[in-house]
Amino acid sequence: MVNAALVAALVGVPLWAHVAGEPFTITLATRAVIFALAAVGLNLALGLGGLVSLGHAVFFGIGGYAMGILAFHAQNYLPMFPETLAIEGTKSMPVIWLVAVIASALAALVIGLLSLRTAGVYFIMITLAFGQMFYYFTISWSAYGGEDGLSIWVRNGFPGLNTLDPIQFYGLCFTLLCGALWLSHRIARSPFGLMLNAARQVPHRVETVGLDGQRAKLVVFVISGAITGLAGALFADLNRFVSPTMFSWHMSGEIMIFVILGGVARLFGPVAGAVLFVAMEHVLGDLSDYWHIYLGALLLGIVLFARGGVVGLLAGRAKSHD
Amino acid sequence: MTEPVLDIRGLTKSFGALVVSDGIDLSLNPGEIHAVIGPNGAGKTTLIAQICGALAPDAGTIRLKGQDVTALPTRARARMGLARTFQISALAMEDTVLQNALLGALGAAGNPWRLFRPVLSDRALRARAEAALDRVGLLEKAAMRTADLSHGERRQLEVAVALTLEPAAFVMDEPMAGLGAEGGQKMTALLDTLRHEAPILLVEHDMDAVFALADRISVLVYGKVIASGPPDAIRADAAVRDAYLGEEA
Ligand SMILES: Nc1ncnc2c1ncn2[C@@H]1O[C@H](COP(=O)(O)OP(=O)(O)OP(=O)(O)O)[C@@H](O)[C@H]1O
Ligand SMILES: [Mg+2]
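One structure accompanies this document, and this report is about it. Everything numeric here is computed off the predicted structure, so don't read it as measured data.

Digging into the packing of helix α2 (residues 23-48) of chain A against helix α10 (residues 249-262) of chain A
Residue and element names in this part refer to chain A. One way to put it is that α2 packs onto α10 with a least axis distance of 8 Å and a crossing angle of 80 degrees. When the axis of α2 is compared with that of α10, the two are roughly perpendicular. Packed against α2, whose contacting residues are F35, A38, A39, L42, N43 and L46, the element α10 presents M251, I255, M256, F258 and V259 at the interface. Grouping the constituent residues of the contact of α2 with α10 by class yields 10 nonpolar, one polar and no charged.

Right under this line is the structure:
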């Protein structure tokens, strides 16, 4: 029910805005959908794997910079590694997405290998530390704008579509979100999902039946990072701009907030959380610069009284990835 | 002579000054139930943890089916056919009873890296899990959330998970604990049928069950095996009465 209402809103509102000539509303919806995608990524690691990552901005940022760097070289007709490989940049979204997914998956593999040796608060600190490393690295990376980031003049293209039309770009983002939701749903029900689910709750049990729970967590961390990386590439394309703030711990926190707000381990939790966040940001942000106070209060209420988040509150009994 | 399924030699382990395993020699032969009894804190659970690979011994060797597994991780020992049940139930409480059994079946099948097909559509896996639940009498509760089971039912599920592994040896840590008289008798009857499938190293406080089931009994006190032999000999042993049975008699 809640899920159906969410999907109806995510289809209906932008279509209405398109007909009514309200491109800003479409842009808001696109922002919500992209945040939702990033959070669907995190929810796989957090909800299914129990991995409290405060470093998912790393993948969001890598996705963003994958887009920024490729488009920057393309728009300036500068090949990458001119002396050796001389790779052209690209303005093609599918290629950019592929690079974003692969790069963030690789980063997640390395970060996962190192941080999964720890658990609990140390895991949180290590993922946070990786985020800070990337943040300060991009600030000092003057070839790609350093602290100022990179501006891309024209949105990248997708074969057969006019991505400059807000509703068409929205459609792309929404389709990718649906794909990620479908993937999460399948994973949660698969043998792999069963193993992971148990590894989160009783790791010693999983080992005792001969399964490798740690490796399962690593695999889900990589998938999780790849999805959030894809969201980063879309976010950069939405704004036609990337900067180190995509890597900031603030960003990691926001992705975490989407998940908690909507409901950890609920399939549509991240979607509900991101939509609510963007709506609050827009409505309350207009009323007061200090709208985060209300966000904080809501978050407090949810953590104290409704662990299932908004989706849990409306849909009742918690069931993993429903 | 058939060689023992499980053969432990000179197992030694200390936590600081506390010696919890003191040169333990122990074996488990095909078709037998070998009970390990001893007072609280004698080191029974730590012995099991070392046998199953959750805890590394300071010295000694553990052989499973003739192979030295002392340095192998828990996972590898499980794949070789060692099934452990826990004193404190180790079950995924948020999951259903069936899902817990499926986890065992998945471990036995050894193909968990499938990300897209629903686990419930795997007939062979399901059949194996349901057969195990049926044997412990939990099949009707397969769809229940494990957290909603009674304590006794969780003990049964704990055994069912071990059953799905179709192991070469069971290592059970107080399967009767907290079962009550009737539950204890049912569990005793079940274990009695199991020994023919795989021998059981049985840690248990319930003396009725131990004397009804065991082919051999070893008595562990302060990490040392102070007596080992057939039930009648153990019952008659003066040192054992002093250290342990005496308290109850
Ligand atoms: N990780 C540990 N560190 C330090 N001491 C430990 C540890 N684990 C167990 N012990 C101690 O080792 C001793 C043996 O514990 P163990 O759990 O093996 O006893 P047990 O025979 O299983 O007792 P029970 O019948 O109560 O289950 C106890 O004194 C316990 O406090
Ligand atoms: Mg014990």
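Re the layout of surface pockets
Residue and element names in this part refer to chain A. By volume, the second largest pocket amounts to about 360 Å³. Lining of the second largest pocket is provided by 15 residues; of these, Y65, A66, I69, A103 and W141 occupy positions nearest its centre. Of all the secondary-structure elements, those providing two or more residues to the lining of the second largest pocket are α3 (57-75), α4 (93-115) and α5 (120-139). Ranked by the residues each element gives to the lining of the second largest pocket, the list is headed by α3, at five residues. Residue composition of the lining of the second largest pocket, grouped by class: 14 nonpolar, one polar and no charged.

Description of the interface of chain A and chain B
Where the parts come together, the accessible area they lose is often given as the size of the interface. Counting residues at the interface gives 28 residues for chain A and 32 residues for chain B. With both chains or domains summed, chain A and chain B bury close to 2,800 Å², and 66% of this area falls on carbon and sulfur atoms. A per-residue breakdown of the area chain A buries against chain B is headed by P191(A), L194(A) and R205(A), which together make up 25% of the total. At the boundary of chain A and chain B, one finds four salt bridges. Between E94(B) and R200(A) there is a salt bridge, with the nearest N and O atoms lying 2.9 Å from each other. At the boundary of chain A with chain B, the tally comes to 15 residue pairs in polar contact (both at pLDDT 80 or more). Elements represented by at least two residues in the side of chain A that touches chain B include exactly α6 (166-189), α7 (191-201), α8 (203-208) and α9 (213-239) of chain A. The dominant element in the side of chain A that touches chain B, judged by the number of residues it contributes, is α7(A), at eight residues.

Focus on the sheet that holds strand β10 (residues 224-229) of chain B
Residues and elements named next belong to chain B. An order of β6-β7-β8-β3-β9-β10 is seen for the six strands of this open sheet, with the pairing classed as mixed. Whereas interior strands pair on both sides, the edge strands pair on one side only; in this sheet they are β6 (82-85) and β10. Strand-to-strand twist of the sheet, defined as the mean angle between neighbouring strand axes without regard to direction, takes the value 15 degrees. Relative to strand β7 (residues 169-173), β6 runs parallel, the two being bridged by four bridges. Each bridged residue has a counterpart across the sheet, and for R84 the counterpart in β7 is V171.

Analysis parameters
Residue indices follow the written sequence of each chain, beginning from 1 at its first position. Written order determines the labels here, with chains lettered from A and ligands numbered from 1. Residue-level local features of this predicted model are given only where pLDDT is at least 70; pairs of side-chain atoms are given and counted only at 80 or more, and the full residue set underlies all totals for whole chains, interfaces and linings. Side-chain metrics rest on all non-hydrogen atoms present in the structure, leaving aside hydrogens and water. Throughout, an axis means a line fitted to C-alpha atoms (over the contacting stretch in the case of helices), and angles, computed between N-to-C directions, take values from 0 to 180 degrees. To qualify as a helix, a DSSP run of H or I must reach at least 4 residues; to qualify as a strand, a run of E must reach at least 2; elements of each kind are numbered from the N terminus. When describing relative orientation, an angle under 35 degrees is termed roughly parallel and one over 145 degrees roughly antiparallel, while 65 to 115 degrees is termed roughly perpendicular and anything else oblique. We call two residues in contact whenever any of their non-hydrogen atoms come within 4.5 Å of each other. Polar here means any residue other than Ala, Val, Leu, Ile, Met, Phe, Trp, Tyr, Cys and Pro, which are nonpolar, and Asp, Glu, Lys and Arg, which are charged; Gly is therefore polar. Think of a 1 Å grid over the protein atoms and nothing else: a 1.4 Å probe that fits but is trapped marks a cavity, an open set flanked by protein within 12 Å on at least five of seven lines marks a pocket, and residues with an atom within 4 Å of a point count as lining. Grid points are joined across faces, edges and corners, and a volume is the space filled by probe spheres set on the points. The quantity reported as buried area is the accessible area (1.4 Å probe) lost by two parts once they are put together, taken as the sum for both. When a carboxyl oxygen of Asp or Glu lies within 4 Å of a side-chain nitrogen of Lys or Arg, that pair is called a salt bridge. What qualifies as a polar contact is a pair of N or O atoms within 3.5 Å, subject to a donor-acceptor requirement within protein and to the restriction that residues adjacent in sequence count only when both atoms come from side chains. The rule for pairing is simple: two strands pair if DSSP sees at least two bridges between them.

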